[in-house]
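Reading the structure
Chain by chain, the residues:
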Amino acid sequence: MAPGPDSSVIRRSTLREQIAEALRDEILAGRLPSGHPFTVKEIADQYGVSATPVREALLDLCAQGLLDVEQHRGFKVHAFTADDFRAMVEARTLVIEGIFRSDAGRALAATPAEVLVSIRRRAEEAERAARAGDLDVLIGYDLRFWRELSGIVANAYISDFLDRLRVQTWMFAVPLLRGAPRLVDRLWHGHGALADALLRHDLADAQRLIADYNEHALALVGTAR
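Residues numbered from 1 in each chain as written. Predicted model: local features only at pLDDT ≥ 70, side-chain atom pairs only at ≥ 80, totals over all residues. Heavy atoms only, no water.

Further remarks concern the nonpolar core. Generally speaking, a soluble globular protein has its nonpolar side chains buried in company with each other. With 48 residues, the main nonpolar core has Leu23, Leu58, Leu67, Leu135, Trp170, Leu177 and Leu187 as its most contacted residues. In terms of residue count, the dominant contributor to this core is helix H8 (residues 156–178) (9 residues). The contact partners of leucine 187, leaving out residues within four places of it in the chain, are Ala130, Gly133, Leu135, Leu138, Leu177, His216 and Leu220. By size, the runner-up hydrophobic cluster in this structure holds 23 residues, among which are Ile152, Leu203, Ala206 and Ile210. (Core = buried A, V, L, I, M, F, W, Y, C linked by side-chain atoms within 4.5 Å. Buried < 20%, exposed > 50% of the residue type's maximum accessible area, 1.4 Å probe, protein only. Helix = DSSP H or I, 4+ residues; strand = E, 2+ residues; numbered from the N terminus. Contact = heavy atoms within 4.5 Å.)

Given below as structure tokens:
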């Protein structure tokens, strides 16, 4: 059965990118669960478009590690394991620690205040959603917050890699968190404190907060299982 997002969401960017973004949102929302199969035709019919941009979008999501190709059958949502999740958290930790020790870290510390103020606004929205236990809203603002934050280092390879890891970790965590009895005040809400540390150009405190974020993610997913 094909996923059921409203085709009216397809408005931005190229058609290929729009379809990929819409499907990624469905995956992150948990409406396309791990192992869910579908074909190019099903997605093309759902959005009322030709097969070519759909196939390209699905292959893009495969390259991002979100889908698997099933030979002669179509595609399915990739299933991450708890070991995958722990490895992804470790990977993003190592990358961020490397940023703080590099020239990129010094550039981060010298970021103009007006740029960080913009990031601070994203942090406020993410923090508000986290405290309320609103997972859908949190995921959107959390991803935007970290994208803008990693974009400061002006290295597209680092930004893209970290964004991919964050999408994948959310993809694993969402089904577990939705099964938890209560998320209010249980989700990490240190976005504002992290933005404030960067506004003070306090990289040591920022690094401590990021370590806390990663430890919290591992503990929360562990307790939700």
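Let us keep going from here.
Let us look at the packing of aromatic side chains. Enumeration over the complete set of coordinates arrives at 5 aromatic pairs. Taken together, a centroid distance of 5.3 Å and an interplanar angle of 85 degrees make the contact between phenylalanine 145 and tryptophan 146 edge-to-face. The exposure class assigned to phenylalanine 145 is buried, which follows from its relative accessible area of 0%. Overall, tryptophan 146 belongs to the buried group, its relative accessible area being 5%. An aromatic cluster is defined as three or more aromatic residues linked by ring pairs; in this entry it consists of Phe145, Trp146, Trp188 and Tyr213. Lying across the ring of tyrosine 141, arginine 144 places its NZ or CZ 5.0 Å from the centre. If you follow arginine 166 out to its NZ or CZ, it ends over the ring of tryptophan 146, 3.7 Å from the centre. (Phe/Tyr/Trp six-rings, centres within 6.5 Å; stacked < 30°, edge-to-face > 60°. Lys NZ or Arg CZ within 6 Å of the ring centre and 35° of its normal.)

Another aspect to go through is empty space enclosed by the protein. In total, this model carries 2 cavities of 30 Å³ or more according to the counting rule given. The space that makes up the largest cavity amounts to roughly 200 Å³. As for the largest cavity, its lining consists of 16 residues, and the residues nearest its centre are Trp170, Ala173, Leu177, Tyr213 and Ala217. If you list the elements that add at least two residues to the lining of the largest cavity, you get helix H4 (82–101), helix H7 (135–151), H8 and helix H10 (203–224). When grouped by side-chain class, the residues that make up the lining of the largest cavity number 11 nonpolar, 3 polar and 2 charged. Taken as a whole, the second largest cavity holds about 160 Å³ of empty space. Ile96, Trp146, Leu149, Ser150 and Leu162 are the residues nearest the centre of the second largest cavity, which is lined by 16 residues in total. (1 Å grid on protein atoms, 1.4 Å probe; cavity = no way out; pocket = protein on both sides within 12 Å on 5 of 7 lines; lining within 4 Å. Points joined across faces, edges and corners; volume = space filled by probe spheres on them. Nonpolar A, V, L, I, M, F, W, Y, C, P; charged D, E, K, R; others polar.)

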